[in-house]
Amino acid sequence: EEVLRRVAARRDLAHHLDLDRALAELATTRERGYAIATGVPGLIGVAAAVVDRDGEPVAALSVSAPADRLPPSKQPEVVEAVLGTAAHLTESIGRL
């Protein structure tokens, strides 16, 4: 949220950002635990955070593909794989 608000406050960048929409998307992403990126035509991405023992993000895991190779019917499978792998990495970090 802090980064989004800083971008919105910059005159040279603010016109590129709909702050309310970005904050709503951030809230949705946090709630479901992953992000779906469709901002680049023809591409789609799925990402999830890897967190440390305190729950702070330390990395992100993402998978991207041409949109025609990752249609909506296949997205749940990819989301499950990304979330599972991010959880495994989170557990591994917690053991360090």
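Residues numbered from 1 in each chain as written. Predicted model: local features only at pLDDT ≥ 70, side-chain atom pairs only at ≥ 80, totals over all residues. Heavy atoms only, no water.

**A closer look at the environment of Thr38**
Assignment of secondary structure puts Thr38 in the loop between β1 (35-37) and β2 (43-51). According to the relative accessible area criterion, Thr38 is exposed, its value standing at 56%. Sequence separation between Thr38 and Ser64 is 26 residues, and the spatial gap between their C-alpha atoms is 9.8 Å. The residues contacting Thr38, other than those within four sequence positions of it, are Leu43 and Ile44. (Helix = DSSP H or I, 4+ residues; strand = E, 2+ residues; numbered from the N terminus. Buried < 20%, exposed > 50% of the residue type's maximum accessible area, 1.4 Å probe, protein only. Contact = heavy atoms within 4.5 Å.)

**Here we look at the nonpolar core**
A general trend in soluble globular proteins is that nonpolar side chains are found buried together. Judged by nonpolar contacts, Tyr34, Ile44, Val46, Ala48, Val50, Ala65, Leu70, Val78, Val79, Val82 and Ala86 together constitute the single largest core of 11 residues. When contributions to this core are tallied by element, the ones reaching two or more residues are β2 and α4 (75-94). Beyond its immediate sequence surroundings of up to four residues, Ala86 is in contact with Ala48, Ala49, Val50 and Leu61. (Core = buried A, V, L, I, M, F, W, Y, C linked by side-chain atoms within 4.5 Å.)

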